[in-house]
Amino acid sequence: MGKWMKKAGWISILSAVLIVGACSPKEVEKPASDDGKPKSGDLTPLEKPAKVFIAEDGAASGAGFYIAKEKGYFEDYNISVEFADFANSDDMLPALAAGEVDIAGGVSTASFFNAIAQGIDVRIIADKGHNMPGKSYFSFVIGNHMVDEIKEYSDFKGKKIAVSSRNSIDGYIYQEMLKHAGLTEEDVEYVHIADFGAMLGAIDSGTIDAALNIEPLIAQGIHQGFHVRFGDATDYAPESQIAMVLASPQFMEKEELSLRFMAAYLKGVRDYNDAFFKEKGKEEIIDIMVKHTALKDPELWERVFVTGLDPNGKMFVDDIKKQYETYKANGAIRGEIDFDKSVDPSLVERAIKEIGVYEE
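These numbers were taken from a predicted model, which means no experiment stands behind them. (Residues numbered from 1 in each chain as written. Predicted model: local features only at pLDDT ≥ 70, side-chain atom pairs only at ≥ 80, totals over all residues. Heavy atoms only, no water.)

(A) Quick look at the overall build of the chain. Counting its regular elements, the chain contains 15 helices and 10 strands. Taking all 360 residues of the chain together, 59% fall into the buried category. Within the chain, contacts between residues at least 6 apart in sequence are counted, and of these 81% link residues at least 24 apart. Taken as a whole, the chain presents about 14,500 Å² of accessible surface, with 48% of it coming from carbon and sulfur. (Helix = DSSP H or I, 4+ residues; strand = E, 2+ residues; numbered from the N terminus. Buried < 20%, exposed > 50% of the residue type's maximum accessible area, 1.4 Å probe, protein only. Contact = heavy atoms within 4.5 Å. Areas by Shrake-Rupley, 256 points an atom, 1.4 Å probe, with all protein chains shown as cover.)

(B) Geometry of the pairing of strand E7 (residues 189-192). Examined bridge by bridge, strand E6 (residues 160-163) and E7 share 4 bridges and lie parallel to one another. Paired with Val-163 across the two strands is His-192, which belongs to E7. Considered for its hand, the β-α-β crossover made up of E6, helix H6 (residues 169-181) and E7 is right-handed. (Pairing = 2+ DSSP bridges. Right-handed = clockwise from strand over helix to strand, strands pointing away.)

(C) Main features of the environment of Thr-234. Residue placement: Thr-234 occurs in the loop between strand E9 (227-229) and strand E10 (241-247). Along the sequence, Thr-234 and Asn-131 sit 103 residues apart, while their C-alpha atoms lie 6.8 Å from each other. Discounting residues that sit within four places of it in the chain, Thr-234 has contacts with Asn-131, Met-132, Pro-133, Gly-134 and Ser-136. Separated by 3.5 Å, the side chain of Thr-234 and the backbone nitrogen of Gly-134 make a polar contact. (Polar contact = N/O pair within 3.5 Å; in protein donor to acceptor, adjacent residues only side chain to side chain.)

(D) View of the pairing of E6. Here 2 bridges tie E6 to strand E8 (residues 210-214), and the two strands are oriented parallel to one another. Paired with Ala-162 across the strands is Ala-211, a residue of E8.

(E) Region of interest: helix H10 (residues 255-278). With 24 residues, H10 should cover 34 Å at 1.5 Å per step; its first-to-last C-alpha distance of 33 Å lies within 8% of that length. Where burial is concerned, most of H10 is hidden: 20 out of the 24 residues are buried. Backbone geometry just after H10 places Glu-279 at a positive phi near 60°. (Expected span 1.5 Å × (residues − 1).)

(F) Region of the structure containing the sheet that holds strand E4 (residues 123-130). The sheet built from 5 strands is open, its strands ordered E2-E1-E3-E10-E4 with mixed pairing. Each having just a single partner strand, strand E2 (79-84) and E4 make up the two edges of the open sheet. Here the strands of the sheet are splayed against their neighbours by 25° on average, with no regard to which way each runs. Both strand E3 (residues 103-107) and E10 contribute to a ladder of 5 bridges, which runs antiparallel. Bridge assignment links Gly-106 to a residue of E10, and that residue is Met-244. (Axes fitted to C-alpha atoms, helices over the stretch in contact; angles between N-to-C directions.)

(G) Representation of the pattern of salt bridges in the model. Summed over the entire model, instances satisfying the criterion amount to 16 salt bridges. A salt bridge links Glu-56 to Lys-128; the nearest nitrogen and oxygen atoms lie 3.1 Å apart. One end of the pair, Glu-56, is in the loop between strand E1 (50-55) and helix H2 (63-70); the other, Lys-128, is in strand E4, with 72 residues separating them in the sequence. There is no split in this pair, since Glu-56 and Lys-128 are both buried. Here Arg-303 ties to Glu-299 by a salt bridge, and the two come within 2.9 Å at their closest N and O atoms. Using a relative accessible area of 42% as the deciding quantity, one classes Glu-299 as partly exposed. Through salt bridges with shared partners, a single network forms among Glu-176, Lys-179 and Lys-322. (Salt bridge = Lys/Arg side-chain N within 4 Å of Asp/Glu carboxyl O.)

(H) Structural view of the nonpolar core. With 69 residues, the main nonpolar core has Phe-113, Ile-124, Phe-138, Phe-156, Ile-161 and Met-177 as its most contacted residues. The element best represented in this core is H6, accounting for 7 residues. Composition of this core by domain shows at least three residues from each of domain 1 (50-131 + 240-355) and domain 2 (138-235). Ignoring anything within four residues of it in the chain, the contact list for Ile-161 reads Phe-140, Phe-156, Tyr-174, Met-177, Val-188, Glu-189, Tyr-190, Val-191 and Ala-210. (Core = buried A, V, L, I, M, F, W, Y, C linked by side-chain atoms within 4.5 Å. Domains from an automatic or database assignment.)

(I) Quick look at the confidence of the model for the chain. Confidence in the prediction of the chain, expressed as mean pLDDT, is 90, and 89% of residues score 70 or more. Within the model, the stretch residues 1-38 combines pLDDT values under 50 with 127 contacts to residues more than four positions away or in other chains. (pLDDT = per-residue confidence, 0-100.)

(J) Spotlight on the sheet that holds E6. Judged by pairing direction, the sheet is mixed, and its 5 strands sit side by side in the order E7-E6-E8-E5-E9 without closing on themselves. Each of the sheet's edge strands pairs with one partner strand only, and the pair in question is E7 and E9. Within the sheet, the average angular offset between the axes of one strand and its neighbour, ignoring direction, is 35°. The strands touched by H6 within the sheet are strand E5 (138-143), E6, E7 and E8, with E5 carrying the most contacts at an inclination of about 65°. Each of E5, E6, E8 and E9 touches helix H7 (residues 196-205); the most contacted strand, E8, lies at about 145° to it.

(K) Region of interest: the side chain of Asn-312. By secondary structure assignment, the location of Asn-312 is in the loop between helix H12 (298-301) and helix H13 (317-329). A relative accessible area of 19% places Asn-312 in the buried class. Polar contacts involving the side chain of Asn-312 include one to the side chain of Arg-270, which spans 3.0 Å.

Structure below.
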């Protein structure tokens with residue numbers, strides 16, 4: 001999906017998708033009114049232009065940002081956006097808390113929760129990635145040598161399973177699968193492979209039997225005959241909050257700006273949902289994704305199971321808390337988090353009042 005999870009659980013997905021071939025993206029035209037200027041039709045533009053800095057690095061989960069930019073939704077509100085790339089989360093989170101960056105993407109990891117518990121003040125404000133039922137973009141695959149042996153989740157007993165990180169969303173989903181299978185960690189062999197791309201060769205050679213992998217490597221591995229999908233992550237973790245939109249407290253205080261930013265973002269997410277789940281305007285949205293992400297093959301976008309992005313911004317808050325408690329039980333959490341303060345859906349709620357609820 002993007003580079004999330006390799007360093008401190010955040011950035012490995014981009015490295016995974018870099019193996020996909022490149023092609024030239026098409027230019028995306030912005031919609032215009034009769035006077036040639038884009039208009040939103042709901043909130044009035046800001047009186048003065050404003051710039052919003054987003055920590056985003058080509059992750060597919062940033063679709064709402066990319067689409068809103070290319071379709072002119074930010075411009076409608078007199079907002080410009082600039083994407084800032086950080087080497088790792090250790091740099092990004094303090095910058096976000098200090099207001100040097102306004103918006104960022106975060107993934108559930110123990111290190112992320114520890115940063116908040118230790119005083120890094122950020123707000124978790126909207127969905128930025130979850131699995132879609134039956135089409136999980138982050139799920140288990142099994143090697144071809146296992147297709148006649150692994151039929152049920154319980155058949156993972158005694159098998160070598162690769163996972164990219166332990167106290168992160170990867171490890172959480174792994175643990176949820178084992179519980180669903182009626183297995184303990186002693187029943188399987190955990191194999192740490194930090195690079196999702198490296199899992200392809202390991203599973204093809206039979207060094208491992210199964211892996212928790214991610215798109216587009218899942219689709220690519222199937223196409224190349226390395227592995228097959230096994231079940232779906234929503235079988236045992238139906239409401240896992242994998243990634244979240246984060247905001248600085250300073251940005252949240254700018255009520256007129258933050259409201260319009262969120263409205264534009266949700267419009268981008270809605271176009272994404274229309275494209276990938278309703279087949280409306282799909283070619284244009286794929287062009288935008290090709291332009292902004294590391295996945296440069298339009299044909300592959302037709303085959304992958306894409307990131308779930310809620311068109312109403314809804315997060316699975318109970319699951320966020322459950323993940324935190326899981327890491328805590330593993331001894332990976334230092335300190336406590338006030339979730340009533342850290343998780344703030346109020347901006348999404350205000351934006352929905354202005355642009356309406358998305359109709360599924």
